[in-house]
Amino acid sequence: MAIRNVVLTVLVTFLWAICFPLIQVGLTDAPPMVFAAMRAALSGVLVIVLAVGLGRPWPSGVANLGLIVATGLTFTGLGLGGMFIGGGKIPPGLATVVANTQPLIAAVLAAIFLSERLTLGVGIGLLLGFVGVLVMSVPSLLGPNSVADLQAFVWIILGAIGTAMGNVLLKALTGRADVLMVTGLQLLFGAMALAVGAQAVGTSWHIAWTSQFIASLIGLVVFGTALMTALWHYLLTQASLNRLNTFTFLTPIFGLLLGGLFFDERFGWIQAVGIGVTILAIQLVATKPSPTR
């Protein structure tokens, strides 16, 4: 990879890491799915306006539109939905580690849908990742809020599954449509899905427009979504998904540092072991491209 793309990839991992702290701040003033829908909608509008201003072409063809809709439902709809519903119930650093099991899930999806063989290294990484998440969750699941914590873990993992599915679809769109247009449109489709979901489950749409909510929303819209997603979509046109996923183990490290610095987040030795094992698993899987069968 070119040095510029390496720097951009590291920046993307940092922007992804700031999401859970910002989500936790904003969730005190807005319902999760409404907050997620606002984040996606505003980010989508911002990116579309930028794309139109730069004269980028609109996507054409039913197949491309179908891929963009599917990306919006998975990458943004399920991905952000899982992040927001589960992210406010456990510490942000821990949530970041769990969410970034995405490369492990992507390896399984590649084996199922892309006929990629699971090598011994990838298999060991997947096993370690499962063990790491299980060990991390033990203290929470044995605590007084075990049911809520279990639900949080499930939602965040569902979000990681959505992100992994969306990444596969995004790779399929490489070279077929403009990066900025794809980014903005899939965010808007995902926002619509989140809004419909919020309405379907009877979520209150009341928002307290405090200064901290506005700051968290701006941070998520501009940096954690629009900039981060556009950069990631651009990078998918420059390098393979496996190569880019090599850097994803930096995201939980950034997340834990932010959690410790700003949320006084501390872990017992059991959770520390689980976090270490999970990060090792992510790195192992991400740096072991699977040969095509």
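About the criteria used
- Residues numbered from 1 in each chain as written.
- Predicted model: local features only at pLDDT ≥ 70, side-chain atom pairs only at ≥ 80, totals over all residues.
- Heavy atoms only, no water.
- Helix = DSSP H or I, 4+ residues; strand = E, 2+ residues; numbered from the N terminus.
- Rg over C-alpha atoms; globule rule 2.2 N^0.38 Å.
- Buried < 20%, exposed > 50% of the residue type's maximum accessible area, 1.4 Å probe, protein only.
- Contact = heavy atoms within 4.5 Å.
- Lys, Arg positive; Asp, Glu negative; His and termini not counted.
- Charge placed at Lys NZ, Arg CZ, Asp CG, Glu CD.
- Axes fitted to C-alpha atoms, helices over the stretch in contact; angles between N-to-C directions.
- Parallel < 35°, antiparallel > 145°, perpendicular 65-115°, else oblique.
- Left-handed = near helix turned anticlockwise from the far one by under 90°.
- Core = buried A, V, L, I, M, F, W, Y, C linked by side-chain atoms within 4.5 Å.

*Asks:* Describe the overall build of the protein, listing the residues and the values that go with them.
*Replies:* On a plain count of helices and strands, the protein comes out with 13 helices and zero strands. Taken from N to C terminus, the helices and strands of the protein fall in the order α-α-α-α-α-α-α-α-α-α-α-α-α. By the compact-globule yardstick of 19 Å for 293 residues, the protein fits well, its C-alpha radius of gyration being 18 Å. Seen through its principal axes, the protein has C-alpha atoms that stretch 55 × 50 × 35 Å. Buried residues in the protein amount to 51% of all 293 residues. If you take every contact in the protein between residues at least 6 apart in sequence, the share linking residues at least 24 apart comes to 89%. Of the charged side chains in the protein, 11 are positive and 6 negative; the average position of the first set lies 16 Å away from that of the second.

*Asks:* Can you tell me about the packing of helix 4 (residues 62-87) against helix 9 (residues 179-200), naming the residues and giving the values?
*Replies:* Where helix 4 meets helix 9, the axes come as close as 7 Å, and the angle between the chain directions of the two elements is 60 degrees. By the angle class used here, helix 4 and helix 9 are oblique. With respect to the hand of their crossing, helix 4 and helix 9 are arranged in right-handed fashion. Along its contact with helix 4, which presents L65, I68, V69, T71, G72, L73, F75, T76, G77, L80 and G81, the element helix 9 presents V182, L185, Q186, L187, F189, G190, A191, A193 and L194.

*Asks:* Let's hear about the nonpolar core: which residues, and what values?
*Replies:* Residues F35, M83 and F84 are the most contacted members of the largest nonpolar core, which totals 73 residues. A per-element tally of this core places helix 10 (residues 211-236) first, with eleven residues. Excluding its chain neighbours within four sequence positions, the residues that come into contact with M83 are W16, C19, F20, I23 and R39. Grouped together as the second largest cluster of nonpolar side chains are five residues, I105, A106, A160 and A164 included.

These results come straight from atomic positions and should not be treated as a statement about function.
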